[in-house]
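# Inside the fold
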Amino acid sequence: MAKKKMYNVNELCEALEISYFTLTNWYKWENKRLKSGEITERYLPEPYRMKGQRGNPRAWDTKMLKALKKYKNSIVIGRNGIFGEYTNPVHKQTRKYKKQQEALNGESNDTTRND
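Along each chain, the written sequence defines residue order, and numbers are assigned to residues from 1. Owing to the predicted nature of the model, reporting of local features is limited to residues with pLDDT of at least 70; listing and counting of side-chain atom pairs is limited to 80 or more, with chain, interface and lining totals taken over all residues. Water and hydrogen atoms play no part in the side-chain values, which are based on all heavy atoms of the structure.

### Details of unusual backbone geometry
At Glu17, a residue that is not glycine, the phi angle is positive and equals roughly 60°. Runs of E in the DSSP output that reach at least two residues are strands. Runs of H or I that reach at least four are helices, and both are numbered from the N terminus. With respect to the helices and strands, Glu17 occurs in the loop between helix H1 (9–16) and helix H2 (20–36). Under the scheme applied here, a residue whose accessible area is under 20% of the maximum for its type counts as buried, over 50% as exposed, and between as partly exposed, the area being computed with a 1.4 Å probe on protein chains only. The exposure class assigned to Glu17 is exposed, which follows from its relative accessible area of 69%.

Okay, here's the thing in structure tokens:
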């Protein structure tokens, strides 16, 4: 039986052309959505833990790499994506966003005079 090709975090990030920070965020976002009940099952592959090695590092196989590539390509970049609240938190502080929310809620803070 042939041994599977395993990727450590650095190799995986290099193959996906992302940073370690991005990979960590993907798993944090998934865990947050699981805890909140927004989703009921994982959509990212669960990495293997290399028991017996210092720190129990994570490892991914080729099948997991393909799943993560597919996931990366499905993410909508910017404030409109499902993770827009994380990738663009400053957007919620802009006047344009606040006006959009007021319009959606039927509120109006229009202070112009119509005399």
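We are not done yet, so read on.
### So, the sheet that holds strand E3 (residues 58–61)
A pair of strands counts as paired when DSSP detects no fewer than two bridges linking them. Read from one edge to the other, the open sheet built from 3 strands follows the order E1-E3-E2, with strand pairing classed as antiparallel. The sheet terminates laterally at strand E1 (6–7) and strand E2 (48–49), the two strands that pair on one side only. In this structure, E2 lies alongside E3, joined through 2 bridges in antiparallel fashion. When the bridges of E3 are listed, Arg49 appears paired with Arg58.

### Thoughts on the packing of H1 against H2
Taken N-terminus to C-terminus, the directions of H1 and H2 make an angle of 95°; their axes are 9 Å apart at the nearest point. One element, H1, and the other, H2, form an angle in the roughly perpendicular class. Residues Val9, Leu12, Cys13 and Leu16 of H1 form the contact with H2, whose own contacting residues are Tyr20, Leu23 and Trp26. For this classification, the nonpolar set comprises Ala, Val, Leu, Ile, Met, Phe, Trp, Tyr, Cys and Pro, the charged set comprises Asp, Glu, Lys and Arg, and every other residue, Gly included, is treated as polar. Counted by class, the contact of H1 with H2 contains 7 nonpolar, no polar and no charged residues. Here an angle of 0 to 180 degrees is reported between the N-to-C directions of two axes, which are lines fitted to C-alpha atoms, with helices fitted over the stretch in contact. When describing relative orientation, an angle under 35 degrees is termed roughly parallel and one over 145 degrees roughly antiparallel, while 65 to 115 degrees is termed roughly perpendicular and anything else oblique. Contacts are assigned to residue pairs that have any heavy atoms within 4.5 Å of one another.

### Focus: the environment of Lys4
Along the chain, Lys4 turns up in the segment before E1. Considering only alpha carbons, one finds Lys4 and Thr62, 58 residues apart in sequence, at a separation of 7.7 Å. Not counting residues within four places of it along the chain, the set of residues in contact with Lys4 comprises Tyr48 and Asp61. Here a polar contact is taken to be a pair of N or O atoms separated by no more than 3.5 Å, where protein atoms must pair a possible hydrogen donor with a possible acceptor and residues adjacent in sequence count only if both atoms sit in side chains. Reaching out from Lys4, the side chain makes a polar contact with the side chain of Tyr48 at a distance of 3.3 Å. Among the polar contacts made by the side chain of Lys4, one reaches the side chain of Asp61 at a distance of 3.4 Å.

### Brief notes about the nonpolar core
Each nonpolar core is a collection of buried residues, namely Ala, Val, Leu, Ile, Met, Phe, Trp, Tyr and Cys, held together in the definition by side-chain atoms within 4.5 Å. Ranked by internal contacts, the top residues of the largest apolar core, which has 17 residues, are Leu12, Leu16, Leu23, Trp26, Trp60 and Leu68. Breaking this core down by element, the ones donating at least two residues are H1, H2 and helix H3 (62–74).

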